[in-house]
Amino acid sequence: MPKKIKKLAVLTSGGDSPGMNAAIRSVVRTCAYHDVECVGVYRGYEGLIEGDFKSMGARSVRGIINKGGTILKSARSQTFRTPEGRKIAYQNLVDNNIEGLVVIGGDGSFTGALVFNQEFGFPVMGIPGTIDNDIFGTSHTLGFDTALNTVVDAIDKIRDTASSHNRLFFIEVMGRDVGHIALNTGIAGGAEEILIPEEDLGLDRLVESLNRSRKSGKTSSIVIVAEGDKIGKNIFELKEYVDDNMEGYDVRVSVLGHMQRGGAPSCFDRVLASRMGVKAVETLLEGKTNYMVGLIANKMELTPLDNAIKGKTKINLELLRVSDIMSI
Ligand code: F6P
């Protein structure tokens, strides 16, 4: 039997995502359910170093399941990257009798958690929170589904004005290294083309495809561009390229930006966050450490943090084909 844990801490780190609050609520309430004290750490690892802690009971997380952002705030801590910073953080946890840490964030946050465990043997557990869905070991990260719905809503609105003016719109969506948001919202928003980092379409094929669309009778077009795509031009240069090389296109650009990270979490993200929080706390209470909880085939599964950090998510090739067929 593992030694009974009496006190846990939870923090959010890295880029925020809708569903983080629902996950905090779940961690806090699962602790209360098992009679374990819970401490919220403000501003991620930065707060761990500064000892910015707050005791959280079941009622302290009322009314947050539907809120975007994170009530614990988030940060990307440079000090935690140093051994001195981590030592202070460890001492703060020990001084406060905290015996385990739940980290809600992306792979950078998990790397910090793993190093921390390796140095001090401190139990850590990860909950994947990022809109990019770029974490190995879960089909969905927290916030991905909400971001998809936000983006599709924006595309629908842009399409209204694009078709009224017979315009071509390049719409940039988030995804620094991966095209999950672009691919899914491109299909759902009826885009003519989708540019993602995993596949270099090439300028020639883009132009060819736009010409084909027009010949087939389309009067307006939407091209979704993931921010990390590899076509070699940013979205404004793409507009210039089409302006200079294609006749008769009236081109506009829309960069959706950080609005994709905000807003009330979807039902899917609220349920996912609730499940992940329960699993993360109960896994720590079982005496396990260095795992990330994730959704695989609709079950809560554990993936070693190391694999979650090093593993790569793959784009669904079937979606690429579906998108090609739909944009005929
Ligand atoms: O949360 C991930 C992400 O949305 C990326 O797609 C994007 O490049 C990045 O965050 C931007 O984050 P920030 O502006 O917080 O540095």
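Reading the values: the criteria
- Residues numbered from 1 in each chain as written.
- Predicted model: local features only at pLDDT ≥ 70, side-chain atom pairs only at ≥ 80, totals over all residues.
- Heavy atoms only, no water.
- Axes fitted to C-alpha atoms, helices over the stretch in contact; angles between N-to-C directions.
- Helix = DSSP H or I, 4+ residues; strand = E, 2+ residues; numbered from the N terminus.
- Parallel < 35°, antiparallel > 145°, perpendicular 65-115°, else oblique.
- Left-handed = near helix turned anticlockwise from the far one by under 90°.
- Contact = heavy atoms within 4.5 Å.
- Buried < 20%, exposed > 50% of the residue type's maximum accessible area, 1.4 Å probe, protein only.
- Pairing = 2+ DSSP bridges.
- Expected span 1.5 Å × (residues − 1).
- Phe/Tyr/Trp six-rings, centres within 6.5 Å; stacked < 30°, edge-to-face > 60°.
- Core = buried A, V, L, I, M, F, W, Y, C linked by side-chain atoms within 4.5 Å.
- Patch = residues over 30% accessible without salt bridge, like charges linked within 9 Å, V, L, I, M, F, W, Y side chains within 5 Å.
- Areas by Shrake-Rupley, 256 points an atom, 1.4 Å probe, with all protein chains shown as cover.
- Salt bridge = Lys/Arg side-chain N within 4 Å of Asp/Glu carboxyl O.
- Lys, Arg positive; Asp, Glu negative; His and termini not counted.
- Charge placed at Lys NZ, Arg CZ, Asp CG, Glu CD.
- Polar contact = N/O pair within 3.5 Å; in protein donor to acceptor, adjacent residues only side chain to side chain.

Considerations on the packing of helix α7 (residues 203-215) against helix α8 (residues 235-245)
Working step 1: The N-to-C vectors of α7 and α8 enclose an angle of 60 degrees; their axes lie 12 Å apart at closest approach. Classified by the angle between their axes, α7 and α8 sit oblique to one another. For the crossing formed where α7 meets α8, the hand is right-handed. Contacts between α7 and α8 involve L203, D204, L206, V207 and L210 from the first element and L238, Y241 and V242 from the second.

With respect to the environment of I315
Working step 1: Looking at the secondary structure, you find I315 in the loop between α10 (305-310) and α11 (317-326).
Working step 2: The buried category is assigned to I315, whose relative accessible area is 13%.
Working step 3: On a C-alpha basis, the gap between I315 and G129 in space is 19 Å, while along the polypeptide they are 186 residues apart.
Working step 4: With sequence-adjacent residues up to four places away left out, I315 is seen in contact with G179, H180, L183, I196 and E198.

Some words on the sheet that holds strand β9 (residues 250-255)
Working step 1: In space, the 4 strands of this open sheet follow the order β7-β8-β6-β9, with parallel pairing throughout. The open sheet has two edge strands, β7 (193-195) and β9, and neither has a second partner. Strand-to-strand twist in this sheet, taken as the mean axis angle between neighbours without regard to direction, amounts to 20 degrees.
Working step 2: In terms of strand pairing, strand β6 (residues 167-173) meets β9 through 6 bridges, oriented parallel. The residue bridging R167 from the neighbouring strand is D250, located in β9.

Regarding the pairing of strand β11 (residues 299-304)
Working step 1: In terms of strand pairing, strand β10 (residues 291-296) meets β11 through 6 bridges, oriented antiparallel. When the sheet's bridge partners are listed, G294 is paired in β11 with E301.
Working step 2: Connecting the antiparallel pair β10 and β11 is a turn made up of 2 residues, with A297 showing a positive phi of about 50 degrees.

Here we look at helix α1 (residues 20-33)
Working step 1: Its 14 residues give α1 an end-to-end C-alpha distance of 20 Å, which sits within 8% of 20 Å, the value for a rise of 1.5 Å per residue.
Working step 2: Counting buried positions along α1 gives 10 out of 14 residues, so the element sits mostly inside the fold.
Working step 3: Those residues of α1 lying buried are M20, N21, A22, A23, I24, S26, V27, V28, T30 and C31.
Working step 4: Each element contacted by the buried residues of α1 is listed here: β1 (7-12), β2 (37-41), β4 (101-105), β5 (124-128) and α9 (267-285).
Working step 5: Positive phi shows up at D35, right after α1, with a value of about 60 degrees.

Here's the deal with the packing of aromatic side chains
Working step 1: One pass over the structure, following the stated rule, counts 7 aromatic pairs.
Working step 2: Arranged with centres 5.6 Å apart and planes meeting at 45 degrees, the rings of F80 and F116 form a pair that is tilted. One end of the pair, F80, is in the loop between β3 (53-55) and α3 (83-95); the other, F116, is in helix α4 (residues 107-120), with 36 residues separating them in the sequence. As far as the burial class goes, F80 and F116 line up, both buried.
Working step 3: With centroids separated by 5.8 Å and ring planes inclined at 55 degrees, the aromatic side chains of F116 and F122 adopt a geometry described as tilted.

Side note on the sheet that holds β3
Working step 1: Strand order in the open sheet formed by 7 strands is β3-β2-β1-β4-β5-β10-β11, and the pairing between neighbours is mixed. Looking at the sheet topology across the chains shown, the edges are occupied by β3 and β11. Each neighbouring strand pair of the sheet contributes to a mean axis angle of 30 degrees, computed without reference to strand direction.
Working step 2: In this fold α4 packs onto β4, β5 and β10, with an angle of close to 175 degrees to the strand it touches most, β5.

What about the nonpolar core?
Working step 1: In this structure, V102, I104, I127 and L142 are the most contacted members of the largest nonpolar core, which totals 30 residues.
Working step 2: Looking at this core, the elements with two or more residues in it are β1, α1, β4, β5, α9 and β10.
Working step 3: Looking at this core element by element, the count peaks at 7 residues for α1.
Working step 4: Within the second largest apolar cluster, 26 residues are counted, among which are V173, A182, L183 and I222.

Side note on a negative patch on the surface
Working step 1: Residues D107, D177, E198 and E227 make up a contiguous surface patch of negative charge.
Working step 2: By relative accessible area, which is 32% here, E198 ends up partly exposed.

Some thoughts on the environment of R252
Working step 1: Its location among the elements puts R252 in strand β9.
Working step 2: By relative accessible area, R252 is classed as partly exposed at 31%.
Working step 3: Along the sequence, R252 and K239 sit 13 residues apart, while their C-alpha atoms lie 7.1 Å from each other.
Working step 4: Ignoring any residue separated from it by four or fewer positions in sequence, one finds R252 in contact with R167, L168, F169 and F170.

A look at the side chain of S266
Working step 1: Mapped onto the fold, S266 is located in the loop between β9 and α9.
Working step 2: The exposure class of S266 is buried, given its relative accessible area of 12%.
Working step 3: Among the polar contacts listed, one links the side chain of S266 to the side chain of D145, at a separation of 2.5 Å.
Working step 4: In contact with S266, not counting residues within four places along its chain, are D145, T146 and N149.

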